[in-house]
Amino acid sequence: MKITVSLIKADIGGMAGHITVHPGHEELAKKKLAEAKETGLIRDFYVFHVGDDLQLLMTHTRGENNPEIHKLAWDVFVEATEKISKPLKLYGAGQDLLSDTFSGNVRGLGPGVAEMEFEERRSEPLLVFAADKTEPGAWNLKLYKIFADPFNTAGLVIDPTMHEGFIFEVLDLIEHKAVKLKAPEELYDLLALIGTPGRYVIRRIWRKSDNEVAATASVTRLSLIAGRYVGKDDPVLVVRAQHGFPATGEVLEAFAFPHLVSGWMRGSHTGPLMPVSLRDAKCTRFDGPPRLVGLGFQLHDGYLEGPVDLFDDPAFEHTRRLATEIAEYMRRHGPFMPHRLGPEEMEYTTLPQVLKKLQDRFVPAE
Ligand code: 13P
Ligand code: 13P
Ligand code: MG
Ligand code: MG
Ligand code: MG
Ligand code: MG
C-alpha cells in the first residue's frame, strides 16, 4: 500500500509580531485534523509550529496534490485566521493566504507544501524539517551535503545501494523551469545552479539505482506570487532515512554547520540557520536568527510514531553557540550589505519606495 506524506504550512498571523503562533492555532488544527482522522480522510497527523508558521503534517493514501487533503489544510488555515487571528488582531492575520478562494490545490495560493508518496519499507524512518525566517533555497546546501557529499554522508561511499548516487530536481523560480541533475557525475553543474539559492531551489531527490523518492521540499516564493513582500517563505522538507538512504545521523550532520541564509528581519538580511528544539521554535533576536526544527518519526502503516525532537540535544549546542556568534558578527553590519540583502532581493521589499523618493533629488554629477 502506498502512503502519502503531506506537510502543508502557512503563517496565518503571529504574536507578538512575527515571533510565534498563537496556542489556539495549534488547538484548532489538532481538533480539525483529529476529525479528519476519525472520518478516514487522513491516516494520522502531527501539528507543530516553528516561529510564526503553523505546520500540518498528515499521512494518507490519496496521493500527492489530492484536492481533499489540500482543502483540509486550507480550511484549517482559513478557520484559524477567522476564529483566532482576526478577533485577537494577531500580526499579519492570514498573512500567507494570498487568495480568497480555494481551487483544488494550495500550491500557488501561499501555503508551503512538501509531499511524497511511496511504498512503506519494512522500517520507514521519516524526518521532517521546518524553518522560519528564511526561504526554500536554504535547504540547498543541506541537501547537497546529505545526498552528494561523502565527507558528510559516509553511506555514499560505504553503502552499495547509495553508491550510485542521487538525482536532484532543481527548479528555476524565475523562469518556472525544472532540470534533473545526477550526482556525482554532474556535481559541478548542480553546484553552479544551487549556489544561487534565491533562484535555483532543489525540489525533489531520488535514489539513482531505483528512482525511489528520497526527499522533497517546499518551493513557494510568496513575493513572486504576490508581486510584493509578504514575509518570507519559511520552507519545509521531508527526508526518508536509513536502509539505502542516508542514516538519520547523516541527515542531521548537515545541520551541524549553521550556514548563512537569506531572511531574518523583514526578510531582508543574511544570517545563520540555527537548529533548535520545539521548545525554542520561536524567532526573537532581530526576528530570528533564522531557525529550524527537526522531527523524527517511524511510520507504520501510515501511522506516525513519534516525534523525536531531533535538535533537543547537547550535541547541537556548539552549532547554536556558533550561530549566535555569527548572528552577533552579522548584526554589527547594521544596514550594510552583505548583512542586508542585495538589490535584486530587496526589489520585493519596501526599500524601492524609499529609493524612489530620493530619485528627484539627484542632479547630474560634475
Ligand atoms: P547501533 O549498533 O547502535 O544500531 O548502530 C548502528 C549504526 O549503523 C549507527 O550508524
Ligand atoms: P515571516 O515570513 O516569518 O512572517 O517573517 C516576516 C518578517 O518580516 C520578519 O521580520
Ligand atoms: Mg509572519
Ligand atoms: Mg514565518
Ligand atoms: Mg513567512
Ligand atoms: Mg541500532
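Residues numbered from 1 in each chain as written. Chains lettered and ligands numbered in written order. Predicted model: local features only at pLDDT ≥ 70, side-chain atom pairs only at ≥ 80, totals over all residues. Heavy atoms only, no water.

Caption draft 1: Representation of the packing of aromatic side chains. Tallied over the entire structure, the rule returns ten aromatic pairs. With a centroid separation of 6.4 Å and 75° between ring planes, the pair formed by Trp139 and Phe255 is classed as edge-to-face. A residue pair is termed long-range when its members are at least 10 positions apart, and Trp139 in helix α3 (residues 138–148) and Phe255 in the loop between α7 (248–253) and β11 (260–263) qualify at 116 residues. In this pair, the class of Trp139 matches that of Phe255, namely buried. Of the aromatic side chains, those joined through ring pairs into one cluster are Phe129, Trp139, Phe255, Phe311 and Phe316. Here Arg240 stacks its cationic end above the ring of Phe118, 4.0 Å away from the centre of that ring. (Phe/Tyr/Trp six-rings, centres within 6.5 Å; stacked < 30°, edge-to-face > 60°. Helix = DSSP H or I, 4+ residues; strand = E, 2+ residues; numbered from the N terminus. Buried < 20%, exposed > 50% of the residue type's maximum accessible area, 1.4 Å probe, protein only. Lys NZ or Arg CZ within 6 Å of the ring centre and 35° of its normal.)

Caption draft 2: Structural detail: a nonpolar patch on the surface. A surface patch of nonpolar side chains, amounting to about 410 Å² of accessible area, comprises Val354, Leu355, Leu358 and Phe362. With respect to the secondary-structure elements, Leu355 resides in helix α10 (residues 351–359). Among the residues examined, Leu355 registers a relative accessible area of 48% and is labelled partly exposed. (Patch = residues over 30% accessible without salt bridge, like charges linked within 9 Å, V, L, I, M, F, W, Y side chains within 5 Å. Areas by Shrake-Rupley, 256 points an atom, 1.4 Å probe, with all protein chains shown as cover. Salt bridge = Lys/Arg side-chain N within 4 Å of Asp/Glu carboxyl O.)

Caption draft 3: Fine view of the sheet that holds strand β1 (residues 2–10). Strand order in the open sheet made by the four strands is β2-β3-β1-β4, with antiparallel pairing throughout. The strands lining the two open edges of the sheet, one partner per strand, are β2 (44–50) and β4 (112–119). Averaged over neighbouring strand pairs, the angle between their axes works out to 15° when direction is ignored. Both β1 and β4 contribute to a ladder of eight bridges, which runs antiparallel. Bridge assignment links Ile3 to a residue of β4, and that residue is Phe118. The strands touched by helix α1 (residues 23–39) within the sheet are β2 and β3 (53–60), with β2 carrying the most contacts at an inclination of about 165°. Here helix α2 (residues 67–85) sits on the sheet and contacts β1, β3 and β4; the angle it forms with β3, its principal contact strand, is near 155°. (Pairing = 2+ DSSP bridges. Axes fitted to C-alpha atoms, helices over the stretch in contact; angles between N-to-C directions. Contact = heavy atoms within 4.5 Å.)

Caption draft 4: Fine view of the UniProt feature "binding site: Mg(2+) 2" (unreviewed entry) in the chain. Taken from the UniProt record, the annotation "binding site: Mg(2+) 2" (unreviewed entry) applies to Asp52, Asp53, Asp132 and Asp234. Despite a sequence span of 183 residues, these residues sit close together in the fold, their greatest C-alpha distance being 9.4 Å. Note on placement: Asp53 falls in strand β3. Overall, the relative accessible area of 0% leaves Asp53 in the buried class. Residues in contact with Asp53, not counting those within four places in the same chain, are Lys9, Ala10, Asp11, Val21, Phe48, Asp96, Asp132 and Asp234. Within the secondary structure, Asp132 is located in strand β5 (residues 124–132). Since its relative accessible area comes to 0%, Asp132 is described here as buried. For Asp132, the contacting residues outside a window of four places in its chain are His18, Val50, Gly51, Asp52, Asp53, Asp234, Cys283, Pro290 and Arg291. Among the polar contacts listed, one links the side chain of Asp132 to the backbone nitrogen of Asp52, at a separation of 3.4 Å. (UniProt positions renumbered as here; feature names shortened; annotations may be inferred. Polar contact = N/O pair within 3.5 Å; in protein donor to acceptor, adjacent residues only side chain to side chain.)

Caption draft 5: Local environment of the coordination of the magnesium ion (ligand 3). Protein-derived ligands of the magnesium ion (ligand 3) are Asp11 (OD), His18 (ND1) and Asp52 (OD), with the metal-ligand distances lying across 2.0 to 2.2 Å. Read from N- to C-terminus, the donor residues coordinating the magnesium ion (ligand 3) fall into the pattern D-x6-H-x33-D. Separating the magnesium ion (ligand 3) from the magnesium ion (ligand 4) is a gap of 4.4 Å, which Asp52 spans by donating to each of them. For Asp11, a relative accessible area of 0% translates into the label buried. Since its relative accessible area comes to 22%, His18 is described here as partly exposed. (Donors = N, O, S within 2.8 Å, 3.2 Å for Na, K, Ca; no water.)

Caption draft 6: View of the coordination of the magnesium ion (ligand 4). Every protein donor of the magnesium ion (ligand 4) is accounted for by Asp52 (OD), Asp53 (OD), Asp132 (OD) and Asp234 (OD), and the metal-donor separations fall at 2.1 to 2.2 Å. The sequence pattern describing where the donors of the magnesium ion (ligand 4) fall on their chain is D-D-x78-D-x101-D.

Caption draft 7: Looking closely at the site of ligand 2. Lining the immediate environment of ligand 2, one finds 14 residues, of which Gln95, Lys133, Lys232, Arg266 and Asp287 sit closest. Take Gln95: an N or O atom from its side chain is 2.8 Å from an oxygen atom of ligand 2. Contact distances for ligand 2 include 2.6 Å between an oxygen atom and a side-chain N or O atom of Asp287. The protein chains hide 97% of the 310 Å² of surface that ligand 2 would expose on its own. When the residues that make up the shell around ligand 2 are grouped by side-chain class, the tally is three nonpolar, three polar and eight charged. (Near = heavy atom within 4 Å. Nonpolar A, V, L, I, M, F, W, Y, C, P; charged D, E, K, R; others polar.)

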